[in-house]
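Read off the chains here:
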Amino acid sequence: MSVLRELAARIRARRWTIAAAALAVFAAYQVSILVVLVTGLGGAPNYVRAHAAWENARRIVRLTPSALDTAVLIAREPLVEYGRLHPAFGVAVWSFELTWSGLLFFVSFSALVGVYLGIGGHAGRWGTVSSLGGAGAVGLLGASVSSLTHCGLGSFGVLLAISGISAATIQWFARLEPVLIPAGYALIVLAILTRARRPALVPAMAGA
């Protein structure tokens, strides 16, 4: 419990630093996704579409009797979509949809990394490794909780296909998504707790 109290105290003391770090991570992640899509899937986006998210969510709640089905359907509802339309045929060459579940992922991911970066303290070897491992696993698979469409491949499949990995390997890796994403979150939380155990960095006092 002392670690949690120390973590809470650091979060209160450095809340603006943590918020700035979280916003920077969120922005950097969105830019990274856009760069991957533009360079790997062929051309810059030429359309953006905002969906009627609130109206769609209310309709789902009203028409779906099961609470579980309601949650699943709302999680898949897109908020914003952007992509590239074929100039001659008008069909999507590629598209990216930010869904409610995608937004939840990006916000939670950015908040956790922001806490890790903002609380201060020596990272240490294990703290650094766990942070990078968690950020890498969750960051790579982040688009899998949104919707990325290109030639029928899923989001993770697109990222691997851009890297030149075979379709058979893509299908094998896709089965690991439900395990790798929670593992990534767990590693980031472990990195935060590890760093919270270490004393906060303080500026060196000038000599007399």
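Structure report, in brief. Nothing here was measured: the structure is a model prediction, and the numbers come from that model.

Between its terminal C-alpha atoms helix 5 (residues 100-118) stretches 26 Å, which fits the 27 Å expected from 19 residues at 1.5 Å a residue. Turning to helix 5, its buried residues number three or more, namely Gly102, Phe105, Phe106, Phe109, Ser110, Val113, Gly114, Val115, Tyr116 and Gly118.

Right, let's talk about the pairing of strand 3 (residues 92-99) for a bit. The buried fraction of strand 3 is high, at six of eight residues. Two elements, strand 2 (residues 78-85) and strand 3, share seven bridges in a ladder whose sense is antiparallel. Counted as the bridge partner of Gly83 is Ser95 from strand 3. Here strand 2 hands over to strand 3 after six residues, with Gly90 in that stretch at a positive phi of 75°.

By size, the foremost hydrophobic cluster in this structure holds 22 residues, and its most contacted members are Ile33, Leu37, Phe96, Phe106, Phe109 and Ile192. Broken down by secondary-structure element, the contributors of at least two residues to this core are helix 2 (15-41), strand 3, helix 5 and helix 9 (177-196).

So, on to the pattern of salt bridges. Tallied over the entire structure, the rule returns three salt bridges. Of the charged contacts in the structure, one is a salt bridge between Glu55 and Arg58, with a shortest N-O distance of 4.0 Å. Of this pair, Glu55 and Arg58 both sit in helix 3 (residues 53-63), separated by three residues, roughly a single helical turn.

Aromatic ring pairs are described here by two measures, namely the spacing of the ring centres and the angle between the planes. If you walk through the whole model with that rule in mind, you get ten aromatic pairs. Judged by centre distance (6.0 Å) and plane angle (65°), the rings of Tyr29 and Phe105 are edge-to-face. Placement of the pair is Tyr29 in helix 2 and Phe105 in helix 5, with a sequence separation of 76 residues. A single burial state applies to Tyr29 and to Phe105, both of which are buried. Taking 5.2 Å as the distance between ring centres and 65° as the angle between the ring planes, the aromatic pair formed by Phe105 and Phe106 counts as edge-to-face. Residue classification places Phe105 among the buried residues on the basis of a relative accessible area of 5%. Here the aromatic residues Phe26, Tyr29, Phe105, Phe106, Phe109 and Tyr185 are joined through ring pairs into a cluster of three or more.

Calculation notes
Residues numbered from 1 in each chain as written. Predicted model: local features only at pLDDT ≥ 70, side-chain atom pairs only at ≥ 80, totals over all residues. Heavy atoms only, no water. Helix = DSSP H or I, 4+ residues; strand = E, 2+ residues; numbered from the N terminus. Expected span 1.5 Å × (residues − 1). Buried < 20%, exposed > 50% of the residue type's maximum accessible area, 1.4 Å probe, protein only. Pairing = 2+ DSSP bridges. Core = buried A, V, L, I, M, F, W, Y, C linked by side-chain atoms within 4.5 Å. Salt bridge = Lys/Arg side-chain N within 4 Å of Asp/Glu carboxyl O. Phe/Tyr/Trp six-rings, centres within 6.5 Å; stacked < 30°, edge-to-face > 60°.

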